[in-house]
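Each chain, letter by letter, is given below.
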Amino acid sequence: MSGTLNKVMLIGHLGDEVKVHYFEGGGCVGRFPLATNETYTNRTTGEKVTNTDWHNIVVRNKAAEICEKYLSKGDKVYVEGRLKNRQWQGEDGNTRYTTEVHVQDFTFLSTKKESLPTGQAGLENAQQNPQMAPQTAPMKSVEPAPAEETDQDDDLPF
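Quick caveat, the model's predicted, so the values are computed rather than measured. (Residues numbered from 1 in each chain as written. Predicted model: local features only at pLDDT ≥ 70, side-chain atom pairs only at ≥ 80, totals over all residues. Heavy atoms only, no water.)

Draft legend 1. Just the pattern of salt bridges, in detail. Following the criterion strictly, the structure yields five salt bridges and no others. Notably, a salt bridge pairs D16 with K19, separated by 2.8 Å at the nearest N-O pair. Taking the relative accessible area as the measure of exposure, D16 reaches 30% and is therefore partly exposed. E100 is paired through a salt bridge with R86; the nearest N and O atoms lie 3.0 Å apart. You can see E100 sitting in strand β6 (residues 95-110) and its partner R86 sitting in strand β5 (residues 76-89), a full 14 residues away along the chain. (Salt bridge = Lys/Arg side-chain N within 4 Å of Asp/Glu carboxyl O. Buried < 20%, exposed > 50% of the residue type's maximum accessible area, 1.4 Å probe, protein only. Helix = DSSP H or I, 4+ residues; strand = E, 2+ residues; numbered from the N terminus.)

Below, the structure written as structure tokens:
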């Protein structure tokens, strides 16, 4: 095979609010941390162990504005994109490195507006007002996702 592949798919929870930086030319870039968990049972002690990995997520232009508007800390989201590595000089003169996921597609799996204490209030609001429904946003368009996806407890977006 002569081709290569750089594709990342993550389902996790936002670790902070989406921070958007606007440029003079009209474009913008949004960044937020995403936490993914791995849970297993320790064979020797029998206790459940959870490991959390943090990922730096980058969204651009319209997708960044949509994420800023609808997502907040703790929300569950599916992101799909490419890994990109960056390096820069720190203030102390040392070279710094980071790995980011540059998003090409994403789906909101839950938002704060849907996870109200009553549980069903967000779902009813989403059915009455399509703008409040979970959003699927490839970089070029925004479409509502089916409302029943938000009511499931499993971690799969489908």
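Resuming the write-up.
Draft legend 2. Main features of the nonpolar core. Counting 22 residues, the largest nonpolar core has L34, I57, V79, F106 and F108 as the members making the most contacts within it. Counting residues per element, the ones that place at least two in this core are β1 (8-14), β3 (28-41), β4 (48-60), α1 (61-70), β5 and β6. Of all the elements, α1 adds the most residues to this core, at five residues. (Core = buried A, V, L, I, M, F, W, Y, C linked by side-chain atoms within 4.5 Å.)

Draft legend 3. Summary view of unusual backbone geometry. With a phi close to 55 degrees, N61 is a non-glycine residue in the positive phi region. Along the chain, N61 turns up in helix α1.

Draft legend 4. Just the pairing of β5, in detail. Direction of pairing for β1 relative to β5: antiparallel, over a ladder of six bridges. Of the residues in β5, the one forming a bridge with H13 is K76. When β5 meets β6, the two strands line up antiparallel, connected through 14 bridges. Along β6, the bridge assignment pairs R82 with H102. In textbook terms, the turn of a hairpin is the stretch between consecutive antiparallel strands, and for β5 and β6 this stretch comprises five residues, one of which, G93, has a positive phi near 90 degrees. (Pairing = 2+ DSSP bridges.)

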